[in-house]
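Each chain is listed here by its residues.
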Amino acid sequence: MFRYIIRRMLQFIPVFFGATFLLFALVFAVPGDPIQALAGEKPLDPTTKAVLDDRYNLDDPLFVQYGKYMGLLPQDEIEADPNSDVAGFAGVLQGEFGFSLTRRPVSDIMADAIPVTAKLGIMAFVFEIIIGVSAGVMAGLRRGSFMDNFVLLSTLAVIAIPVFVLGYAAQILFGVQLGWAPVNASGGSFNELILPALVLGAVSLAYIARLTRTSLHENLSADYVKTATAKGLPRKRVIGRHALRNSLIPVITYLGIDLGALMGGAIITEGIFNVPGIGREVFQAITRSDGAVVVGISTFLVLIFMISTLVVDVMYALLDPRIRYE
Amino acid sequence: MSTATTSPSAQSSTETIAGRQVDPGAPLLEVENLRVEFRLNTGTVVANDGVHYTLKSGETLAILGESGSGKSVSAQAVMGIIDSPPGYVTDGSIRYRGIDLLTLPENQRRKVRGNHISIIFQDALTALNPVFTVGFQIAEMLRVHRGTSKSDAYKAAAELMDRVKIPAASERLDSYPHEFSGGMRQRVMIAMALALDPAILIADEPTTALDVTVQAQVMDLLAELQDETGMGLILITHDLGVVAEVADRVAVMYAGRIVETGDIDDIYHMPAHPYTIGLMESLPQLDVKGSRLVPIPGSPPDLTRRPSGCAFHPRCRYAQQVCVDEDPALTPPVPGMDRRLSACHFSEEAINVRRR
Amino acid sequence: MSDTTDTTPSTTFDHDTAREGSHAAERDFTPDGRPLPPKRDENLVSSVSAEQVTGEASLWSEGWRVLRRNPMFWVSAVIIVAMIIMALFPQAYLWFYNGDPNPDGVCTLSNSVNNPNAPNGGRPSTTNWFGFDIQGCDMYTKTIIGARISVFIGIIVTTFAVVIALIFGTLSGYYGKFLDTFITRLTDIWFAIPTILGGIVLLSVMGTRGMWQVAFVLTVFGWPSMLRLMRSQVISTKEEDFVMASRSLGASNMRLMVRHILPNGITPVIVYATIFIGSIITAEAALSFLGVGVALPAVSWGLMISQAQTRILQAPHLLFFPGMALAITVFGFLVMGDALRDAFDPKGR
């Protein structure tokens, strides 16, 4: 088990640098002037351009640029910007994700927003698991029942509807028409975040329900469930202890993959509900054509995604002893 | 075969099981006219149709038949673990020491499972839960049924594993099923089944998935444990060789019905049903040199489209018109031969084919 | 309801059936009429007779038999065909429609939902079925025209992903060793970047964003899952007895891959590709909605909703029609994938 975790962490290192380099290279290796591209169509004032050129070390070879961006190599003094205090090592590894067009550090922009997004994400995650797994169990236990068909049809509908359509629809229905939930979640409080979190988690919730259903149904006809019944265990224990534990293994795997979708979804959901998180910052930065912020925060989200995947993998190993020896 | 002195049925007559009075005179297990149906989309399959047998303490009854003959279904019906839907027991009775299990409410029936009747399956790898340690799975029996404390239950689990001859038992409590070899896994399965000293053990093809050498070890272990405990053993198999070695009595199943029953020696030496004769002829024999193996032609019938009359007639080399028209009853092959039953219109003739 | 075929015991295509002797795993009944996973040895005794299990041809015809009887297959087929026609020949949906006062696509601000004097306030009416948008464009016309980008991008990206998967997934799975390690590590890296996030980053620094640019970016970030699936299919098919048999008879690697492994391993890929089209359409819409997808003046459902943002709460029809068009299209591909899986890949469920 311990060796598995160590091995998994060692594998993480090349993936981490590979993925960040990939993103960096894609952004800075595109033909043309990347700094102008970050600003979109807008003309860039010369000082800002100089600062950004300097900040992203565009004169250096790509690998050196990347090294400096990550904070593996020492950062040059930024001469063009008298206000800059950036020196020494300051890059992604130190929690710096670049500068916005207004010369504000992206880490600064994120600092206040991260807790809100974390709260939203955790709420969505909890909704997904609780509602998704229960719906899946109810459907999976009685295949072909009304409940089963209801779960199948409703989840299919939810999966087919894009999250931004769902978001606005929920806003119109529950916010405007019924008045159950605030339309605007700009305060970031728990109550305000319930609706956005449900919208954010909706698609994954639907997938989890379907996955749990199929998996539980399959496991219920597995030999070891028959054994558990033959052992004279109460049905509750047969299902809850024996079948469900095995059924949740693919669900856990899914949760790992799903985090990525959740992050993309957070940008949209926060934008729609005006949640003051980092997703909204990306949403607004796109509108303002502040590419540097978009790239910076997205890179941060990719990092979070990678770390979460690692955590999920370890959880997976805890749940399924077979994986540890592979 | 039995040396049982502590047979459960010999205990005091006031004993109750699952709230019902035990009938001290009744056989250990009596299956009568059992009918099991599977209602599938493609039609209803009658997997057991009037299955009938009895089992006494210390006795080994072999249920013999090809794939799809319904032998495992009958075992699962006795255990009460048929998946429903689509499977339903629609007729008959299963009496354990006089108590009809089919009339018990589910929460009482559950207490019979594992406590009084246990089952082991063919493939212990899939029959054991992959995500729990074997210690947990064995101890679970004691913890759930008897409320034994965790540490005592694990101690008992180690003793059970020792009893089924798993080396270094106490160290292997925390191992997972996939960490054992096939033979050892089946021993774990046996230890689990015997945890509560059941009066009946059903072994559903216990050695089919194992190597030949390991098969013999597992069969020996079962025989040994049976001698120790005096439990009744129902051995479900398609392997006539295994049957010849360990069984006291045999019930041959074909297409969901018992076609022949009797003591092993009688059946072995003078089978009274053409199907049993076919099984004998397809078995290699060391003592009869030069004789050719004769396979039974054709394949077992599709139970959604059961042949008319005697279900075996399309494959039977002795079949006559009467076999197509009439369903033979399970009767003594020769009047007066009351320890034998055979469902064949020509069982008297059949019994002479291989008499030797 | 989506899986009416779930309980239909389909003939199990099992290469082991032929050598199913007395040693083989024996099980009287699998109660739901299917062999229980994961053991391959188990055969469904009563309902699979030897004649039925003859090979590829019967697999496909059996699959088609199951598919034909699945109502969800027909529902999704109608949706997909309707959407493809809409993408290729939008006129087919417009020639009978007289609502658009400006067939040239020129929109009149006087029709805008923002203009209180617009016909019916810019809302849906009998002449303008879907109403008008903020720019005063006819929503029905735009919704029909918007199908093109969604459907095309979905199909283009999936085609590229399948081609990449067919070539590199097969090679990687078949030859293993260094090539496989290299490709697997590469996909590991790619998997660390969620498609939408990668898409946002790359598209936000791209100057021109048309259909092909968006398709390119979605391919760049979307290919690995298809490749992984193909690779694992090849690895498991490679071990099958019939491949071993051909190999021992001296079949070349190329022949083995093209004639034996691909046809037998491709079904899950086809199923996944169908669902993949749906998810790419969703991704394109999300990117366009965020403002990094196709740029104006292109017409895309995601973009239509994006443009309507400020008025959606007051004029829900701006959301409803493009939203429904998106949902129905994605639904069609998802359900088709499910139906195909039920029919051709019962093990993949």
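With that settled, consider the overall build of chain A. Counting secondary structure elements, chain A contains 12 helices and 0 strands. Ordered by position from N to C terminus, the α and β elements of chain A give α-α-α-α-α-α-α-α-α-α-α-α. With 326 residues in all, chain A has 50% of them scored as buried. Long-range pairs, those at least 24 residues apart, make up 66% of the contacts in chain A between residues at least 6 apart in sequence.

On to the overall build of chain C, then. If you tally the helices and strands in chain C, you get 11 helices and 0 strands. In chain C, the succession of α and β elements from N to C terminus is α-α-α-α-α-α-α-α-α-α-α. Here chain C, with 349 residues, has 52% of them falling under the buried criterion. Of all intrachain contacts in chain C linking residues separated by at least 6 positions in sequence, the fraction that spans at least 24 positions is 70%.

Where the parts come together, the accessible area they lose is often given as the size of the interface. Taken together, the contact between chain C and chain A spans 44 residues of the former and 53 residues of the latter. Broken down by secondary-structure element, the contributors of at least two residues to the side of chain C that touches chain A are α4 (177-191), α5 (195-204), α9 (267-290) and α11 (317-344) of chain C. Looking at the side of chain C that touches chain A element by element, the count peaks at 8 residues for α11(C). When the residues that make up the side of chain C that touches chain A are grouped by side-chain class, the tally is 31 nonpolar, 8 polar and 5 charged.

Residues and elements named next belong to chain B. Despite not being glycine, R97 has its phi angle at roughly 50°, a positive value. Checked against the element boundaries, R97 lands in the loop between β6 (87-96) and β7 (99-100). Here E205, not a glycine, exhibits a phi torsion of approximately 50°, which is positive. Inspection of the secondary structure puts E205 in the loop between β9 (200-204) and α7 (212-229). Residue classification places E205 among the buried residues on the basis of 25 C-beta atoms within 10 Å.

This brings us to the sheet that holds β6(B). All names here are of chain B. If you trace the 4 strands from one edge of the open sheet to the other, you get β4-β3-β6-β7, paired in antiparallel fashion. Edge positions in the sheet fall to β4 (43-55) and β7, since each has one partner strand and no second. Of the pairings in the sheet, the one linking strand β3 (residues 29-40) to β6 comprises 8 bridges and is antiparallel in character. Along β6, the bridge assignment pairs F38 with G87. Those strands touched by helix α1 (residues 71-79) are β3, β4 and β6, and its axis lies near 110° from that of β3.

What follows deals with the nonpolar core. Residues I202(B), I234(B) and M226(C) are the most contacted members of the largest nonpolar core, which totals 292 residues. Two domains share this core, each providing at least three of its residues, namely domain 1 (15-96) and domain 2 (107-319) of chain A. Ignoring anything within four residues of it in the chain, the contact list for M226(C) reads A161(C), V162(C), A165(C), V269(C), Y272(C), A273(C) and F276(C).

Let's shift gears to the interface of chain A and chain B. Every contact between the two is made by 21 residues of chain A and, on the other side, 23 residues of chain B. Going through the elements one at a time, α9 (223-230) and α10 (235-273) of chain A are the ones with two or more residues in the side of chain A that touches chain B. Of the residues in the side of chain A that touches chain B, the class split is 8 nonpolar, 6 polar and 7 charged.

All names here are of chain B. With 6 of its 6 residues buried, strand β11 (residues 249-254) lies for the most part within the structure. The alternating pattern of β11 places R249, A251 and M253 and V250, V252 and Y254 on opposite faces, both of which are buried. The sheet contact formed by strand β5 (residues 60-64) and β11 spans 4 bridges and is parallel. Along β11, the bridge assignment pairs A62 with V250. In the sheet, β11 pairs with strand β12 (residues 257-263) via 6 bridges, with the strands oriented antiparallel. Residue pairing across strands places V250 opposite G262, the latter belonging to β12.

So, about the environment of R210(A). Residues and elements named next belong to chain A. Mapped onto the elements of the fold, R210 is located in helix α8 (residues 190-220). For R210, a count of 24 C-beta atoms within 10 Å corresponds to the buried category. With 54 residues separating them along the chain, R210 and L156 place their C-alpha atoms 8.9 Å apart. Residues within four places of R210 in sequence aside, it is in contact with G136 and T155.

Residues and elements named next belong to chain B. Pairing in this open sheet of 7 strands is mixed, and the strands run β8-β9-β10-β5-β11-β12-β13 from one edge to the other. The outermost strands of the open sheet, each flanked by one partner alone, are β8 (117-120) and β13 (341-342). The strands touched by helix α6 (residues 182-193) are β8 and β9; relative to β8, the strand with the most contacts, the crossing angle is about 170°.

With that settled, consider the environment of V311(A). Within the secondary structure layout, V311(A) lies in helix α12 (residues 291-319). Distance from V311(A) to I5(A), taken between C-alpha atoms, is 9.6 Å for residues 306 residues apart in sequence.

Residues and elements named next belong to chain C. In this model, helix α2 (residues 71-88) (18 residues) spans 26 Å end to end at C-alpha, consistent with the 26 Å of a helix rising 1.5 Å per residue. Taken residue by residue, α2 has F73, S76, M83, M86 and A87 as its buried positions. The buried residues of α2 all sit within an arc of 160° when viewed along its axis, so they share a single face. Exposed side of α2, more than 90 degrees from the buried face: P71, V78 and V81 are the residues found there.

Okay, the pairing of β4(B) next. Residue and element names in this part refer to chain B. Two strands pair when backbone bridges link them, and β3 and β4 are joined in this way by 10 bridges, in the antiparallel orientation. Residue pairing for β4: V31 is matched across the bridge by Y53. Turn length for the β3-β4 hairpin, with the two strands adjacent in sequence and antiparallel, is 2 residues.

With that settled, consider the packing of α5(C) against helix α6 (residues 211-238) of chain C. Residue and element names in this part refer to chain C. At a minimum axis separation of 9 Å, α5 and α6 run at an interaxial angle of 135°. Taken together, the axis directions place α5 and α6 in an arrangement best described as oblique. Crossing handedness for the pair α5 and α6: right-handed. Along the contact surface, α5 presents T195, G198, G199, L202 and L203, while α6 presents V214, V217, L218, V220, F221 and G222. Its residues assigned to classes, the contact of α5 with α6 shows 7 nonpolar, 4 polar and no charged.

Before going further, it helps to spend a moment on helix α8 (residues 253-265) of chain C. Residues and elements named next belong to chain C. Compared with the 18 Å implied by 1.5 Å per residue over 13 residues, the 16 Å span of α8 between its first and last C-alpha is markedly short. Taken together, the buried positions of α8 are M257, H260, I261, N264 and G265. The buried residues of α8 occupy an angular sector of 135° when the element is viewed end-on, so they sit on one face. Among the exposed residues of α8, those pointing more than 90 degrees away from its buried face are M254 and V258. If you follow the buried residues of α8, they end up packed against α3 (139-175), α6 and α7 (241-248).

Our focus in this paragraph is the packing of α9(C) against α11(C). All names here are of chain C. At a minimum axis separation of 8 Å, α9 and α11 run at an interaxial angle of 170°. Classified by the interaxial angle, the pair formed by α9 and α11 is roughly antiparallel. For the pair α9 and α11, the crossing hand works out as left-handed. For the pair formed by α9 and α11, the contact residues are T267, I270, V271, T274, I275, I277, G278, I281, T282 and A285 on the first element and L326, T329, V330, F333, L334, M336, G337, L340, R341 and F344 on the second.

Moving on to the confidence of the model for chain C. Residue and element names in this part refer to chain C. The share of residues in chain C with pLDDT of 70 or more is 77%, and the mean pLDDT across the chain is 74. Per-residue pLDDT, averaged within each element of chain C, yields its smallest value for helix α1 (residues 56-68) (73) and its largest for α2 (89). Counted against residues more than four places away or in other chains, residues 1-55, with its pLDDT under 50, gives 118 contacts. Reported for the predicted complex are a pTM of 0.78 and an ipTM of 0.82.

About the thresholds
Residues numbered from 1 in each chain as written. Chains lettered and ligands numbered in written order. Predicted model: local features only at pLDDT ≥ 70, side-chain atom pairs only at ≥ 80, totals over all residues. Helix = DSSP H or I, 4+ residues; strand = E, 2+ residues; numbered from the N terminus. Buried ≥ 20, exposed ≤ 12 C-beta atoms within 10 Å, placed from the backbone. Contact = placed C-beta atoms within 7 Å. Nonpolar A, V, L, I, M, F, W, Y, C, P; charged D, E, K, R; others polar. Pairing = 2+ DSSP bridges. Axes fitted to C-alpha atoms, helices over the stretch in contact; angles between N-to-C directions. Core = buried A, V, L, I, M, F, W, Y, C linked by C-beta atoms within 7 Å. Domains from an automatic or database assignment. Expected span 1.5 Å × (residues − 1). Arc of directions from axis to C-beta. Parallel < 35°, antiparallel > 145°, perpendicular 65-115°, else oblique. Left-handed = near helix turned anticlockwise from the far one by under 90°. pLDDT = per-residue confidence, 0-100.

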